[in-house]
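One letter stands for each residue in the lines below.
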Amino acid sequence: AGVPLVADSVEYSLVARTPERELADAAGALGFGLLPWSPLGRGVLAGRYRTTVAADSRLASEEFAQFAGRHVGDHTRGVVEAVHTAASGLGVSPAVVALAWVRDRPGVTAPIIGPRTPTQLAALLDAEDVELPEQIVHALDEVSVDHT
């Protein structure tokens, strides 16, 4: 009979919404949860690369640039700005907004985070106390919709 599927780990963020096409509905219909990895869009949604790419950053390294490079461009820039605007209005970090958005998506059991420092972890844990207003969720949904 085998072991039933209970969760699926998949890249899912405001700049990687592919799971919404079929996977989220399948998860709901079949009763398994989604464990989104890279809920900060490979770090891009945290705003660190908003204006420049520091020479010592991961995005400046050849290996990571290939990994995160697909999340850098005009569409992503608009999403990052919307996340930054929402964060500013709520008085929280952009990372918290991006993480809270993913956390509250249908079918999501829990986002998988990857902080590199205790300070980053503490900042991400702030998302537990944040409830995004419906207007902000709607605005983020609109600006981040994937038309491909």
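Residues numbered from 1 in each chain as written. Predicted model: local features only at pLDDT ≥ 70, side-chain atom pairs only at ≥ 80, totals over all residues. Heavy atoms only, no water.

Chemist: Help me out: how do you make sense of the nonpolar core in this one?
Modeler: Within soluble globular proteins, side chains that are nonpolar tend to cluster in buried spots. Counting 31 residues, the largest nonpolar core has L45 and L140 as its most contacted members. Those elements giving two or more residues to this core turn out to be α1 (23-30), α3 (74-90), α4 (94-103) and α6 (134-144). The biggest single contributor to this core is α4, with eight residues. Setting aside residues no more than four positions away along its own chain, L140 makes contact with L14, R17, A82, V83, V97, W101 and L132. (Core = buried A, V, L, I, M, F, W, Y, C linked by side-chain atoms within 4.5 Å. Buried < 20%, exposed > 50% of the residue type's maximum accessible area, 1.4 Å probe, protein only. Helix = DSSP H or I, 4+ residues; strand = E, 2+ residues; numbered from the N terminus. Contact = heavy atoms within 4.5 Å.)

Chemist: Quick question: what am I supposed to make of the pairing of strand β2 (residues 33-37) here?
Modeler: Where strand β1 (residues 7-11) and β2 come together, five bridges link them in parallel fashion. Each residue of the ladder has a partner; that of D8, found in β2, is L34. Crossover connection from β1 via α1 to parallel β2: handedness right-handed. (Pairing = 2+ DSSP bridges. Right-handed = clockwise from strand over helix to strand, strands pointing away.)

Chemist: Explain the environment of L40 here, please?
Modeler: In this fold, L40 is placed in the loop between β2 and α2 (62-68). L40 sits 55 residues away from A95 along the chain, and the two C-alpha atoms are 6.4 Å apart. The contacts of L40, once residues within four sequence positions are left out, are L45, A46, A95, A98, L99 and L124.

Chemist: I tried to follow the confidence of the model for the protein on my own but got confused; where do I start?
Modeler: The share of residues in the protein with pLDDT of 70 or more is 80%, and the mean pLDDT across the chain is 84. Here α2 stands out as the element of the protein with the lowest mean pLDDT, 56, in contrast to α4, whose mean of 97 is the highest. (pLDDT = per-residue confidence, 0-100.)

Chemist: Looking at this structure, I do not really get the packing of aromatic side chains. What am I missing?
Modeler: Geometry of an aromatic ring pair is reported as the spacing of the ring centres plus the angle between the planes. Under the criterion given, the structure shown has one aromatic pair. For the ring pair Y12 and W101, a centre distance of 5.9 Å and an interplane angle of 75 degrees mean the geometry is edge-to-face. Taken together, the residues span a long stretch of sequence, with Y12 in the loop between β1 and α1 and W101 in helix α4 at a distance of 89 residues. The burial state of Y12 is the same as that of W101; both residues are buried. (Phe/Tyr/Trp six-rings, centres within 6.5 Å; stacked < 30°, edge-to-face > 60°.)

Chemist: I would appreciate a short explanation of the pattern of salt bridges in the present structure.
Modeler: All chains considered together, the criterion is met by five salt bridges. For E20, the salt bridge identified is with R105, shortest N-O distance 3.3 Å. Residue E20 is located in the loop between β1 and α1, and its partner R105 is located in the loop between α4 and α5 (118-125); the two are separated by 85 residues in the primary sequence. You can call E20 partly exposed: its relative accessible area is 25%. Relative accessible area serves as the criterion here: at 14%, R105 is assigned to the buried category. (Salt bridge = Lys/Arg side-chain N within 4 Å of Asp/Glu carboxyl O.)

Chemist: In this structure, what is going on with a nonpolar patch on the surface? I would like to understand it.
Modeler: Together, I113, L121 and L125 make up a nonpolar patch on the protein surface, roughly 230 Å² of accessible area in all. Within the secondary structure, L121 sits in helix α5. (Patch = residues over 30% accessible without salt bridge, like charges linked within 9 Å, V, L, I, M, F, W, Y side chains within 5 Å. Areas by Shrake-Rupley, 256 points an atom, 1.4 Å probe, with all protein chains shown as cover.)

Chemist: What should I look at first to understand unusual backbone geometry in this one?
Modeler: Most of the time, phi is negative for any residue but glycine, and the peptide bond is trans. Even without being a glycine, S38 presents a positive backbone phi close to 55 degrees. As for its placement among the helices and strands, S38 is situated in the loop between β2 and α2. For S38, a relative accessible area of 14% puts it in the buried group. Despite not being glycine, R42 has its phi angle at roughly 60 degrees, a positive value. Checked against the element boundaries, R42 lands in the loop between β2 and α2.

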